[in-house]
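For reference, the chains in residue letters:
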Amino acid sequence: MNSILAIPGHRPDTPANGANAPAKTSEYPSVRIRRAPVTTPVTMPAPTPQPTPPKAGSVPLDRAAATQMSDIAPISPPAAKEGAGAAADADGGLFIPDTSLGEAVDAEDEAENARAGQGKGGRKTSSFGDLTPRQEVYLGAICRQIAHNRFLPTPNKDEVFVGDGDYLAIGAEFLGHFVRLGGLKPTESVLDIGSGIGRMAVPLTQYLVPGKTRYLGIDPVADGIKWCQNAITPVYKDFRFQTVDLANQLYNPEGKVAGDSWQLPAKDAEFDFATMVSVATHLPPAEVERYCSEIFRALRPGGRLFMTAFIVRSANELAAPRCDPRLSGLVREKDQPCWHLRGENPMAAVGFDNGYLESVLAKAGFALLRKGFGAWHGDKSPHYQDILVAQKPRRSPK
């Protein structure tokens, strides 16, 4: 496979698991996180030896086999805050889902943030999706356990047809982005465009509250959808996956549905949060416009779209030493706001003029909440691709 086809959503800081990494199974029920009691520090017990799970990608475990495994992920408790007077969190037992995660900071949370560290004028500025210190500890713990939980559904390495790096670690990273940047709450329903082989879905199984949310993953690659239907849906009943036979020069060249005229298999105002991770990076402008329009229709008022992209700020930056050399071959298409790699499949990596995607979102009806440039430019950034977060207005304009 051409190396450019494996441009990651994130440039991993650590190498992927090697031959000595523990085996991973393809099925596991929801994981709960155990912490130490409030008053007395305890040592986490060693996990009870469990039956050897089947090879990843195999037939899902039946209910009896699944219940033989512990449903407690043995991770270290969140680090205590510095200072003798710091109090532990009140629950002290199982981590109860914090359903306030992802909400805008309110007056009470603002006071907590101010105690943790003040900004200009003695007050920390709040913005959409900011977390309190307690929420940040909770989110960090859940992301760490996802990245290291060998029991979560994980495909065989040769089955992963897009992206590189560690499957679970990248998924956990994006869960953090969804919450911190996109304001995703555990009680919200998610529409995942380009769900692939479940890299975003698996972490969401550990975050979304069962029975109160729903997830729909859509992708043109039938093999990826089939794996998700076999490995994820039987245990996580709120998670559904659907193949859409969209034509794409890279992933589905024989597809029968044109990407610039398709309709999402979703009702109006059905979802709260939509993702397009590494999707716009493989689409022409007309299809990006159609996707954004359809997502706007499928979102409830106040719903958000989380999109990653390659935004080209200037031709000069592509030749800069710090820019990812794999993208230095991007050339602008004549009379179009997009860029393609010279000598490659046009959809192998698509970049867009700075400002174009914002205009597409505005045309669809969205209001832009966040825009952040990624590490591929050579910028210091916690994410590799560029990120845009847009919101469907809560009230229709008069």
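For the structure, check the block above.
Residues numbered from 1 in each chain as written. Predicted model: local features only at pLDDT ≥ 70, side-chain atom pairs only at ≥ 80, totals over all residues. Heavy atoms only, no water.

### Overview of the overall build of the protein chain
Part 1 of the reasoning: Looking only at helices and strands, the protein chain has nine helices and twelve strands in total.
Part 2 of the reasoning: In the protein chain, buried positions account for 49% of the 398 residues.
Part 3 of the reasoning: The contacts of the protein chain with a sequence gap of at least 6 include a subset with a gap of at least 24, amounting to 75%.
Part 4 of the reasoning: For the protein chain, the computed accessible surface area is about 19,100 Å², with 53% contributed by carbon and sulfur atoms. (Helix = DSSP H or I, 4+ residues; strand = E, 2+ residues; numbered from the N terminus. Buried < 20%, exposed > 50% of the residue type's maximum accessible area, 1.4 Å probe, protein only. Contact = heavy atoms within 4.5 Å. Areas by Shrake-Rupley, 256 points an atom, 1.4 Å probe, with all protein chains shown as cover.)

### Describing the packing of aromatic side chains
Part 1 of the reasoning: Overall, the coordinates contain twelve aromatic pairs when judged by the stated rule.
Part 2 of the reasoning: Between Phe 178 and Phe 306 the ring centres are 4.9 Å apart and the planes differ by 85 degrees, which places this aromatic pair in the edge-to-face class. Taken together, the residues Phe 178 in helix 4 (residues 167-180) and Phe 306 in strand 7 (residues 299-312) connect sequence positions 128 residues apart.
Part 3 of the reasoning: Exposure remark for Phe 178: the relative accessible area of 1% places this residue in the buried category.
Part 4 of the reasoning: Judged by its relative accessible area of 0%, Phe 306 falls in the buried class.
Part 5 of the reasoning: For the pair Phe 310 and Tyr 384, a centre-to-centre distance of 6.4 Å together with 90 degrees between the ring planes defines the contact as edge-to-face. Residue Phe 310 is located in strand 7, and its partner Tyr 384 is located in the loop between strand 11 (367-372) and strand 12 (386-391); the two are separated by 74 residues in the primary sequence. (Phe/Tyr/Trp six-rings, centres within 6.5 Å; stacked < 30°, edge-to-face > 60°.)

### Digging into the packing of helix 7 (residues 285-298) against helix 9 (residues 356-364)
Part 1 of the reasoning: The geometry of helix 7 relative to helix 9 is characterised by a closest axis approach of 9 Å and an angle of 40 degrees between their N-to-C directions. Judged on the interaxial angle alone, helix 9 and helix 7 are oblique. As helix 7 runs across helix 9, the sense of the crossing is right-handed. Contacts between helix 7 and helix 9 involve Pro 285, Val 288, Glu 289, Cys 292, Ser 293 and Phe 296 on the former and, on the latter, Tyr 356, Leu 357, Val 360, Leu 361, Lys 363 and Ala 364.
Part 2 of the reasoning: The residue inventory of the contact of helix 7 with helix 9, partitioned by class, reads nine nonpolar, one polar and two charged. (Axes fitted to C-alpha atoms, helices over the stretch in contact; angles between N-to-C directions. Parallel < 35°, antiparallel > 145°, perpendicular 65-115°, else oblique. Left-handed = near helix turned anticlockwise from the far one by under 90°. Nonpolar A, V, L, I, M, F, W, Y, C, P; charged D, E, K, R; others polar.)

### Observations concerning the environment of Pro 220
Part 1 of the reasoning: Structurally, the position occupied by Pro 220 is in the loop between strand 4 (215-219) and helix 6 (222-231).
Part 2 of the reasoning: For the pair formed by Pro 220 and Thr 243, sequence separation is 23 residues and the distance between their alpha carbons is 5.4 Å.
Part 3 of the reasoning: The residues touching Pro 220, leaving out its near neighbours within four places in the chain, are Thr 243, Val 244, Leu 246 and Asn 252.

### Things to note about helix 6
Part 1 of the reasoning: Taken together, the buried positions of helix 6 are occupied by Gly 224, Ile 225, Trp 227, Cys 228 and Ala 231. Seen from one end, helix 6 has its buried residues packed into an arc of 160 degrees, which puts them on one side. Opposite the packed face of helix 6, turned more than 90 degrees from it, sit the exposed residues Asp 223 and Lys 226.
Part 2 of the reasoning: Summarising the contacts, the buried residues of helix 6 are in contact with helix 4, strand 4 and strand 5 (239-243). (Arc of directions from axis to C-beta.)

### A few points about helix 4
Part 1 of the reasoning: For helix 4, which comprises 14 residues, the first-to-last C-alpha distance of 20 Å matches the rise-based estimate of 20 Å (1.5 Å per residue) to within 8%.
Part 2 of the reasoning: Extensive coverage of helix 4 is indicated by the burial of twelve of its 14 residues.
Part 3 of the reasoning: For helix 4, the full list of buried residues reads Tyr 167, Leu 168, Ile 170, Gly 171, Ala 172, Glu 173, Phe 174, Leu 175, Gly 176, His 177, Phe 178 and Val 179.
Part 4 of the reasoning: Looking at the buried side of helix 4, the elements it contacts are helix 3 (133-148), helix 5 (201-205), helix 6, strand 6 (271-276), strand 7 and strand 12.
Part 5 of the reasoning: For helix 4, the N-terminal cap is Asp 166; the gap from its side-chain oxygen to the backbone nitrogen of Leu 168 is 3.2 Å. (Expected span 1.5 Å × (residues − 1). Polar contact = N/O pair within 3.5 Å; in protein donor to acceptor, adjacent residues only side chain to side chain.)

### Some remarks on the pattern of salt bridges
Part 1 of the reasoning: A full pass over the atoms with the stated rule returns 13 salt bridges.
Part 2 of the reasoning: Glu 294 is paired through a salt bridge with Arg 290; the nearest N and O atoms lie 3.9 Å apart. Remark: Arg 290 and Glu 294 occur in helix 7; sequence separation between them is four residues, near one turn of the helix.
Part 3 of the reasoning: The exposure class of Glu 294 is buried, given its relative accessible area of 5%.
Part 4 of the reasoning: Classification of Arg 290 as partly exposed rests on a relative accessible area of 25%.
Part 5 of the reasoning: With its nearest N and O atoms 2.5 Å apart, the salt bridge here joins Lys 371 to Glu 358. Of the two residues, Lys 371 sits in strand 11 while Glu 358 sits in helix 9, which places them 13 residues apart along the sequence.
Part 6 of the reasoning: Assessed through its relative accessible area of 33%, Lys 371 is described here as partly exposed. (Salt bridge = Lys/Arg side-chain N within 4 Å of Asp/Glu carboxyl O.)

### Quick look at the pairing of strand 3 (residues 190-193)
Part 1 of the reasoning: In strand 3, alternate side chains face the same way, and those of Val 190 and Asp 192 on one face and Leu 191 and Ile 193 on the other are all buried.
Part 2 of the reasoning: Both strand 3 and strand 4 contribute to a ladder of four bridges, which runs parallel. When the sheet's bridge partners are listed, Ile 193 is paired in strand 4 with Ile 218.
Part 3 of the reasoning: Where strand 3 meets strand 6, four bridges bridge the pair, whose relative direction is parallel. Across the sheet, Ile 193 pairs through a bridge with Met 276, a residue of strand 6. (Pairing = 2+ DSSP bridges.)

### Remarks on unusual backbone geometry
Part 1 of the reasoning: Unlike most non-glycine residues, Ala 269 shows phi in positive territory, near 50 degrees.
Part 2 of the reasoning: A relative accessible area of 31% places Ala 269 in the partly exposed class.

All we've got here are geometric facts, nothing functional implied.
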